[in-house]
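Coordinate analysis (summary)
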Number of protein chains: 2
Amino acid sequence: MSTFAPDGLGRLAINQATIPRWTAEEAIVGCARAGYGAIGLWRDRVAECGAGRAASLARSEGIAISSLCRGGWFLGSGAAEERHERMRENFRAVDEAAELGAATLVLVSGPAPTKDLEAGRREVRDAIAELAGYAAPAGVSLAIEPMHPMYCGDRSVVVTLAQALEVASSIGGDVVGVMIDSYHLWWDPALEAAIAAAGGRILGLQLADWIAPPPDPLNGRGMLGDGTIDLRHFKALVDATGYVGPIEIEVFNPAVWQIDPEETLRTVAARYATLVV
Amino acid sequence: MSTFAPDGLGRLAINQATIPRWTAEEAIVGCARAGYGAIGLWRDRVAECGAGRAASLARSEGIAISSLCRGGWFLGSGAAEERHERMRENFRAVDEAAELGAATLVLVSGPAPTKDLEAGRREVRDAIAELAGYAAPAGVSLAIEPMHPMYCGDRSVVVTLAQALEVASSIGGDVVGVMIDSYHLWWDPALEAAIAAAGGRILGLQLADWIAPPPDPLNGRGMLGDGTIDLRHFKALVDATGYVGPIEIEVFNPAVWQIDPEETLRTVAARYATLVV
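After a rotation of 180 degrees and a shift along the axis of 0.0 Å, chain A superposes on chain B with an RMSD of 0.0 Å. On the angle and the small slide along the axis, the relation comes out as a two-fold axis. When the interface residues of chain A are mapped onto chain B, 100% of them again fall at the interface, so both copies present the same face.

Have a look at this one:
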């Protein structure tokens, strides 16, 4: 472990989207050597070296793969053939997660094809149930990620943790659970009850801060400590359910992306040590 | 009624923020002559002519004042003197609403002074209870406006209709209710139940569409029909509670503001007739 990595980083993970200047191979090696316990990867970046190569490199470097981003985007225009192709693409994502040995495949539900939001939500639920049937024999778990309501029109009809849990529970079994992300969920007046109810179905915890007002709807997430979220409290709520898995820092922000990845890893570790644990 | 105003506009109202090129006096006259049943006004624009003048003009033109925007912003930095000044400012807003004969004073809660969001929410609730004690003898009702969770960090700790209703119910009496705005609430998976539960406490209905992704966090609201919301369904949910009050169109959008207000009123009336009623 390098000298700049504080102790107690065992659960700390980085999502590759925070350090896009590195390839998947560079990120795996760089994060392992910075003392991180795990890394969340993205399919397009894994494709550059291949899932097999990424998996073997992670094993040799002694770093876990906390998540693969991402499956989902189930509905598209609503045409049957397009939906089938989207499901086939999700099957490929499951295959890649299995080859990587990723702890979970993250699902971003996608928008509704029409203005009938509740119909879209039912269709997303059915698609996740279908995907679960493919993921179970592959040994891959599926983490439904409720996204901030700001994304309800274009990225995810699943917007609250209670809603994601209802979908997971309705499918049953132990393949489908939830990804909890502070950026997406911090505003929810029902958050504490929802997190408590999620115990046993939490497949991952992601942290980013909320900058107010958001400088960009998509890439305006804040480095830990730069925003309005009580991250220590948020993490404590999740810990209280018994979750002991990785804590993945995922910051979509062009200002962060300009920084040398090694420096970002040092900043994240320092902020994590003082603001989260 | 002018020839361009479709029939059935009796409940249609415009919020002055949609047509800021007009003064309050111009807006009152222009909306009345376009066949609108009511207008929502803003304090800073009312101040230009005085509440008494606006009230008498609205009476003589035969148009109701559906709302006054706005009170709220209760907490500030958390310093006691600042809070007292903010409450005095809210008392002045109540006085103006009474002088105008506005159907309700809209409350935007404001952000929390610290990262303890739940503490901020309790303090906002207590401030609204205090304000209700001033508003009751003045005959002014207070409409808590839950705002989109996108604003939780800088504009409103009240972000869901269920939460606004809980605040109103905890205060009791009939002074405090809710403002329902499609732009702020459309994403909520619990919306139908919350609207049904709001029956009797709905003090106003505002409509704007949601553009995805939002072109601007503050001024990116969509003209009716330009976005993702099923406005007819939304309005029907509110009607089903027994609400028969004004339906106020409020579109914060620089592209709309560039248009001649008379043309905007025609567009709103036409969209309303085809997409809402």
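From this point, things continue past the structure.
All names here are of chain A. Across the nine residues that make up strand β3 (residues 64-72), a large majority, seven, are buried. Direction of pairing for strand β2 (residues 38-42) relative to β3: parallel, over a ladder of five bridges. Considered in β3, the bridge of Ile39 is made with Ile65. When β3 meets strand β4 (residues 105-108), the two strands line up parallel, connected through four bridges.

We now examine unusual backbone geometry. For the bond running from Cys69 of chain B to Arg70 of chain B, omega is 0 degrees, close enough to zero to count as cis. Relative to the helices and strands, Arg70 of chain B is located in strand β3 (residues 64-72). In this model, Ala212 of chain B is joined to Pro213 of chain B through a cis peptide bond whose omega is -10 degrees. On the secondary structure map, Pro213 of chain B appears in the loop between β8 (209-210) and β9 (221-222). Positive phi values are uncommon outside glycine, yet Trp73 of chain A reaches one of about 50 degrees. As for its placement among the helices and strands, Trp73 of chain A is situated in the loop between β3 and α4 (80-100).

Residues and elements named next belong to chain B. Taken N-terminus to C-terminus, the directions of helix α4 (residues 80-100) and helix α5 (residues 117-138) make an angle of 30 degrees; their axes are 10 Å apart at the nearest point. It follows from the interaxial angle that α4 and α5 lie roughly parallel. For the element pair α4 and α5, the recorded crossing hand is right-handed. Facing Met87, Asn90, Phe91, Val94, Asp95 and Ala98 of α4, the residues of α5 in contact are Ala127, Glu130, Leu131, Tyr134, Ala135 and Ala138. Grouping the amino acids of the contact of α4 with α5 by side-chain chemistry returns nine nonpolar, one polar and two charged.

Quick notes on the rules
- Numbers given for residues are sequential positions, taken from 1 along each chain in its written order.
- The naming scheme follows written order: chains are lettered A onward, ligands numbered 1 onward.
- Under the rules for a predicted model, residues below a pLDDT of 70 receive no local features and side-chain atom pairs below 80 are neither given nor counted, while totals for whole chains, interfaces and linings still include all residues.
- Superposition of the copies used a least-squares fit over C-alpha atoms from residues whose pLDDT is at least 70 in both.
- Think of it this way: build a C-beta for each residue from its backbone, and any pair within 7 Å is a contact.
- Each residue is classed by its C-beta neighbour count within 10 Å, where at least 20 other C-beta atoms makes it buried, 12 or fewer makes it exposed, and intermediate counts make it partly exposed; the C-beta atoms are placed from backbone geometry.
- Strands are runs of DSSP state E lasting at least two residues, helices are runs of H or I lasting at least four, and both sets are numbered from the N terminus onward.
- DSSP-based pairing: two strands are paired if at least 2 bridges between them are found.
- Fitting a line to C-alpha atoms yields each axis, with helices limited to the stretch in contact; the angle taken between N-to-C directions then spans 0 to 180 degrees.
- Should an angle fall under 35 degrees it is taken as roughly parallel, and over 145 as roughly antiparallel, whereas 65 to 115 is taken as roughly perpendicular and any remaining angle as oblique.
- With the far helix as reference, a near helix turned anticlockwise by less than a right angle produces a left-handed crossing, and one turned clockwise produces a right-handed crossing.
- Each residue receives one of three labels: charged for Asp, Glu, Lys and Arg, nonpolar for Ala, Val, Leu, Ile, Met, Phe, Trp, Tyr, Cys and Pro, and polar for the others, Gly being one of them.

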